[in-house]
Amino acid sequence: MTKKWILIAAFIAALFFILPIGGRPLMAPDESRYAEIAREMIASGDWVSPTLNGVRYFEKPPMGYWLWAVSMKLFGQNAFALRLPGMLATLGSALLVFLLALRCLDRRTALFATAVYLTFPLVFVLGSVAILDPILTFFLTATTAFFFLALEENCSRKKKWGLLFASGVMCGCAFLTKGFLAFAVPAVCIAPYLLWEKRWKDLLTLPWLPLLGVIAVSAPWAIAVHQAQPDYWRYFVFVEHFQRFFGQEKAQHSEPFFYFIPVLLLGMLQWVVMIPDIVLGLRKSIFSGKLLKYSFCCFLMPFLFFSLSSGKLATYILPCFAPLAILIAAGLSERFFIERKSMLSFKITAILFSTVLLAGVVGLSINQITGWPVKLYSGGELIKYVMIVLAAVLWAVFMLAALRRNIQPERKIALYIFGFLYVIVCSHFIFPDIVAERKAPSEYLATVPIPENATLITFRRPFQDVCWTYRRSDVYMFLSQGEIKYGLAYPDAKHRFIPGIEELQKLIQSEKSKGREVYFVTRTDLLTEDFKDSFPPFAWKLSSGNGADDCYSVIKF
């Protein structure tokens, strides 16, 4: 690529994908949890043993926390800094898609595949959220990409060894992001491909250099955490992996085998109607093109692997979307650009989506005028309403423009994709306040000042936001230990758990006798009939959302 196109690509990435990511508040509990873990790493200086609310938190290795902490040190402790690593990882995965397709297919298909990947709803939504999956996806995509490049016959021995080692380094980084899943996913991708290609010997000879790369990257921290926290590996291996995957205990997020099928269809929503053309375009080339074979294995086998897990979340199949983008671009390029077949499926898609968007604009306008059933945007949020209407209308206009007969298929697809970019930008700024009151408690908590030396108590989910908002890692947990149950079981942390009303009353009396103010943060629905007569008397209560049950309250005893 020339410098001109590199600059254009960098400008588009910055304008549409990077700059807007700080435009909405942190979502509870995931974003506030990871923000707080990274903040505590910075505050404590301990980059080996992750903690949450000051207690041991061994659910994940530290790579994601390291990246978030470094970003915070560079850009401050804010939403933009927290989401930047995930978005850069998403753009990095898109770059790998482009480079692979450019190497094995052609520039047009490579650009097409990159655009498809970045406009997958699941990809751009998760890429703009501070969770581990986009980071893991980048490292897994890099692992499989470097391994594939090492398999090319025209690759020199020195370069081949370097690519295999780099594949292992990326796999090691994936391990440091989310554990042993980093080994399973590349294995279920690569092994079937080698068998398909009848390269039996490579199954035994190729993994050793990648293994060396894995050890080089992960061993220093693996040894350090064992020395600092001897129980880490027992908990991480047996509880977080075996029991969760095989369901030896009651599985978290238990779902049926077919759970990921609707997730996949929603995640590739703009291209679902075009699946028949994608399949027809791939029916011959997928058996002759090595990259398409490899992409098929990298898409299908992890999808089946995650479907076998006893616990499922929609985010798990994110690594399937990079190879899927290559398959979609190759199939549609063959069908629309080379064979010049009818673009009926594209026309149906454009008409369907533009109709739904315009109907949505009408529905939202009626909602804003009548307030039925619940008004989405208040009077002070007019700009958000305007933005969402403009985004929907612009994308509909671009799609309708793509239906004109006198333009080439390539330009039709370009219009279809380009119109979606404004939707991506607007998605960061149209977050309704009525939703923020329920899903982003840190926004409300920031308006309630609490003295630094005050004693803080919380109940379940808000504790991550309480820690993050007030920059505290000593918050007491009332009634439920939540996700820090393991950390609270240690002798040095047991006192932080308050199992009942009687213990709560004793703590309040003890802290007030020391001259400390005591604050309690909770979902408002806790203060209902269950605690009407037994809850300790308090001086005042402030609530978000006009005191609605699913919002939050701050109480001073």
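The following refers to the structure shown. (Residues numbered from 1 in each chain as written. Predicted model: local features only at pLDDT ≥ 70, side-chain atom pairs only at ≥ 80, totals over all residues. Heavy atoms only, no water.)

1. Notes on the environment of Gln481
Moving on, step 1. With respect to the element layout, Gln481 can be found in the loop between strand 4 (476-478) and helix 23 (485-488).
Moving on, step 2. Each C-alpha atom, one on Gln481 and one on Ser93, is 37 Å from the other, the two residues being 388 residues apart in sequence.
Moving on, step 3. With residues near it in sequence (within four places) discarded, Gln481 still touches Leu488 and Phe497. (Helix = DSSP H or I, 4+ residues; strand = E, 2+ residues; numbered from the N terminus. Contact = heavy atoms within 4.5 Å.)

2. Re helix 1 (residues 3-18)
For an α-helix the count is 3.6 residues per turn, leaving residues at separations of three or four pointing the same way.
Moving on, step 1. Buried residues of helix 1: Ala13, Phe16, Phe17 and Ile18, and no others. All buried residues of helix 1 lie within an arc of 150° about the axis, which places them on one face of the element. Within helix 1, the exposed residues directed more than 90 degrees away from the buried face are Lys3, Lys4, Leu7 and Phe11. (Buried < 20%, exposed > 50% of the residue type's maximum accessible area, 1.4 Å probe, protein only. Arc of directions from axis to C-beta.)

3. Section: the nonpolar core
Moving on, step 1. Ranked by size, the top nonpolar core spans 165 residues in total, and within it Phe120, Trp271, Ile317 and Phe321 carry the most contacts.
Moving on, step 2. The element contributing the most residues to this core is helix 16 (residues 321-338), with 12 residues.
Moving on, step 3. With residues up to four places along the chain from it excluded, the contact list for Phe321 reads Tyr117, Phe120, Leu122, Val123, Leu264, Gly267 and Met268.
Moving on, step 4. Phe459, Tyr476, Phe478 and Ile508 belong to the second-largest nonpolar core, a separate cluster that totals 16 residues. (Core = buried A, V, L, I, M, F, W, Y, C linked by side-chain atoms within 4.5 Å.)

4. A closer look at the environment of Trp66
Moving on, step 1. Positionally, Trp66 belongs in helix 3 (residues 63-75).
Moving on, step 2. Assessed through its relative accessible area of 21%, Trp66 is described here as partly exposed.
Moving on, step 3. Between the C-alpha atom of Trp66 and that of Glu483, which follows or precedes it by 417 residues, the distance is 21 Å.

5. Observations regarding helix 16
Moving on, step 1. End to end, helix 16 covers 24 Å across 18 residues, agreeing with the expected 26 Å (1.5 Å per residue, within 8%).
Moving on, step 2. Along its length, helix 16 shows its largest kink, about 25°, at Leu332.
Moving on, step 3. In terms of residue burial, helix 16 counts as a mostly covered element, since 16 of its 18 residues are buried.
Moving on, step 4. One or two positions beyond helix 16, positive phi appears at Arg340, with a value near 55°. (Expected span 1.5 Å × (residues − 1). Bend = angle between axes of the 7 residues up to and from the residue.)

6. Here we look at the sheet that holds strand 3 (residues 455-458)
Moving on, step 1. The 6 strands are arranged 5-4-3-6-8-7 in an open sheet whose pairing can be described as mixed. Single-partner strands in this sheet number two, and they are strand 5 (497-498) and strand 7 (540-543).
Moving on, step 2. Here 4 bridges tie strand 3 to strand 6 (residues 518-523), and the two strands are oriented parallel to one another. Bridging from a neighbouring strand, Leu456 pairs with Tyr519 of strand 6.
Moving on, step 3. Contacting strand 3, strand 4 and strand 6, helix 22 (residues 463-470) crosses the sheet at an angle of about 155° to strand 3.
Moving on, step 4. Helix-sheet contacts for helix 24 (residues 501-513) involve strand 3, strand 4, strand 5 and strand 6, and the interaxial angle to strand 6 is about 145°. (Pairing = 2+ DSSP bridges. Axes fitted to C-alpha atoms, helices over the stretch in contact; angles between N-to-C directions.)

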